[in-house]
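Structural description and commentary
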Amino acid sequence: SIRRQRQMCIRDREVKLYNPPANPCYFVISLFLPDGAEIYRSGLLPPGKELAAIELLRPLDAGTYEGAFIRYSCLSLDDMTSLNGADVDLTLEVK
């Protein structure tokens, strides 16, 4: 698993998450709060597709959540076997 750092802002649940067109796998994208609570999980996201809005599993108070992270899980296009993945550390801003 790879870890990177970035920022993410959720405003009225609008986001931009995508699977690059040349990627040879599906993504499942999950969003976690700093305490490890999962607040979003996508369905299978094929190459070349993006998510412009998400429905959170629970409402969040406006504010900054340092230490949140996104998990990218990768699955084979052929047989859905689990491939590598990445956790991206982020500061989540909810407005």
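See above for the structure.
These notes cover the structure that comes with them. (Residues numbered from 1 in each chain as written. Predicted model: local features only at pLDDT ≥ 70, side-chain atom pairs only at ≥ 80, totals over all residues. Heavy atoms only, no water.)

Describing the pairing of strand β7 (residues 82-94)
Both strand β6 (residues 63-76) and β7 contribute to a ladder of 11 bridges, which runs antiparallel. Across the sheet, the residue bridging to Thr64 is Glu93, located in β7. The antiparallel hairpin formed by β6 and β7 contains 5 residues in its connecting segment, where Met80 sits at a positive phi of about 65°. (Pairing = 2+ DSSP bridges. Helix = DSSP H or I, 4+ residues; strand = E, 2+ residues; numbered from the N terminus.)

Re the packing of aromatic side chains
Summed over the entire model, instances satisfying the criterion amount to 2 aromatic pairs. Each ring, one from Phe32 and one from Phe69, has its centre 4.7 Å from the other, and the planes form 10°; the classification is stacked. One end of the pair, Phe32, is in strand β3 (residues 25-32); the other, Phe69, is in strand β6, with 37 residues separating them in the sequence. Of the two residues, Phe32 and Phe69, both sit in the buried class. (Phe/Tyr/Trp six-rings, centres within 6.5 Å; stacked < 30°, edge-to-face > 60°. Buried < 20%, exposed > 50% of the residue type's maximum accessible area, 1.4 Å probe, protein only.)

Structural notes on the nonpolar core
By size, the foremost hydrophobic cluster in this structure holds 22 residues, and its most contacted members are Leu31, Leu60 and Leu92. Within the residue set of this core, elements represented by two or more residues are β3, β4 (38-41), β6 and β7. Ranked by the residues each element gives to this core, the list is headed by β6, at 5 residues. (Core = buried A, V, L, I, M, F, W, Y, C linked by side-chain atoms within 4.5 Å.)

A short note on the pattern of salt bridges
Taken as a whole, this structure holds 2 salt bridges when the rule is applied. A salt bridge links Glu38 to Arg41, with the shortest nitrogen-to-oxygen separation between them at 2.9 Å. On the basis of relative accessibility, which here comes to 27%, the residue Glu38 falls in the partly exposed class. The partner of Asp87 in a salt bridge is Arg71, and the shortest N-O contact between them spans 2.8 Å. Linking Asp87 in strand β7 with Arg71 in strand β6, this pair joins segments that are 16 residues apart in sequence. What makes Asp87 buried here is its relative accessible area of 6%. Arg71 sits in the partly exposed class, given a relative accessible area of 32%. (Salt bridge = Lys/Arg side-chain N within 4 Å of Asp/Glu carboxyl O.)

Quick word on the pairing of β6
For β3 and β6, the ladder comprises 8 bridges, and the chain directions are antiparallel. From the neighbouring strand, Tyr26 faces β6, where its bridge partner is Leu75.

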